[in-house]
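Overview (structure and organization)
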Amino acid sequence: MINELIKIMPDIQFHPGERFAWSPEKRIITYTPDQIEADGRWALLHETGHAMLNHKSYKSDLELLKMEMAAWEKAKELALTLGLSISEEHIQQCLDSYRDWLHRRSTCPSCGTNSIQNDHSNTYSCFNCHARWQVSPSRFCRAYRTRKEKEEFVLI
Ligand SMILES: [Zn+2]
Ligand SMILES: [Zn+2]
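Since the model is a prediction, treat every value here as computed from it, not as a measurement. (Residues numbered from 1 in each chain as written. Chains lettered and ligands numbered in written order. Predicted model: local features only at pLDDT ≥ 70, side-chain atom pairs only at ≥ 80, totals over all residues.)

The backbone of Arg 27 shows a phi angle near 55°, a positive value even though the residue is not glycine. Structurally, Arg 27 can be placed in the loop between strand S2 (21-23) and strand S3 (28-31). The partly exposed category is assigned to Arg 27, around which 13 C-beta atoms lie within 10 Å. For His 130, which is not a glycine, the phi torsion comes out positive at approximately 65°. Relative to the helices and strands, His 130 resides in the loop between strand S5 (123-125) and strand S6 (132-134). For His 130, a count of 11 C-beta atoms within 10 Å corresponds to the exposed category. (Helix = DSSP H or I, 4+ residues; strand = E, 2+ residues; numbered from the N terminus. Buried ≥ 20, exposed ≤ 12 C-beta atoms within 10 Å, placed from the backbone.)

A separate point is the packing of helix H2 (residues 40-52) against helix H3 (residues 61-81). Remark: H2 packs on H3, axes separated minimally by 7 Å, with the N-to-C direction vectors making an angle of 110°. Our classification of the angle between H2 and H3 gives roughly perpendicular. On H3, the residues touching Leu 45, His 46, Thr 48, Gly 49, His 50 and Met 52 of H2 are Ala 71, Trp 72, Lys 74, Ala 75, Leu 78 and Ala 79. Here the contact of H2 with H3 is built from residues that sort into seven nonpolar, four polar and one charged. (Axes fitted to C-alpha atoms, helices over the stretch in contact; angles between N-to-C directions. Parallel < 35°, antiparallel > 145°, perpendicular 65-115°, else oblique. Contact = placed C-beta atoms within 7 Å. Nonpolar A, V, L, I, M, F, W, Y, C, P; charged D, E, K, R; others polar.)

What follows covers the sheet that holds S3. The strand order across the open sheet built from three strands is S1-S3-S2, with neighbouring strands paired in mixed fashion. Two strands bound the open sheet, and with one partner strand each, they are strand S1 (13-16) and S2. The sheet shows a mean angle of 25° between the axes of neighbouring strands, taken without regard to direction. Sitting on the sheet, H2 touches S2 and S3, and the angle it makes with S3 is about 170°. (Pairing = 2+ DSSP bridges.)

With that out of the way, let us pick up the nonpolar core. One broad rule of soluble globular proteins: the nonpolar side chains tend to lie buried together. The biggest cluster of nonpolar side chains holds 14 residues, and the ones touching the most others in it are Phe 20, Leu 44, Leu 45 and Ala 75. Counting only elements with at least two residues in this core, the list comes to S2, S3, H2 and H3. Counting residues per element, this core draws most heavily on H2, which supplies five residues. Excluding its chain neighbours within four sequence positions, the residues that come into contact with Leu 45 are Ala 75, Leu 78, Ala 79 and Ile 86. (Core = buried A, V, L, I, M, F, W, Y, C linked by C-beta atoms within 7 Å.)

From the geometry alone we can't say anything about function, so treat these as descriptive.
Below you can see the structure in the form of structure tokens.
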């Protein structure tokens, strides 16, 4: 499958690594070889989707979620051309984990109101109690976000 993907995306490098990821700076997709026969092939298609769409950066967590959705759409097209299919349930689970993550970051640590992110920054402002908080910067690093992932909330 890697060979097929190299044919489709000759300007991208595929490297074995610790996890599935797309690095826009280096134009490298890393993958874990021992998972490639299982769910890993879907993750690989997903990361290739990011690469094909030339995803580089985003202004907000919401934009990142939209890019995640777009990468899965591209991955589905790619799967079709390779005669594969991706479990829709798997895609929804991955996207749900992002939606949960977005919800956690956007919930005011002071009063619990769901709030909006300030443009071009990792800060959110609460329109209810006017608290502002900073969240950790995020990257294209995984198709699935675990609940265990620690979010740093710093009130500012
Ligand atoms: Zn608040
Ligand atoms: Zn992704």
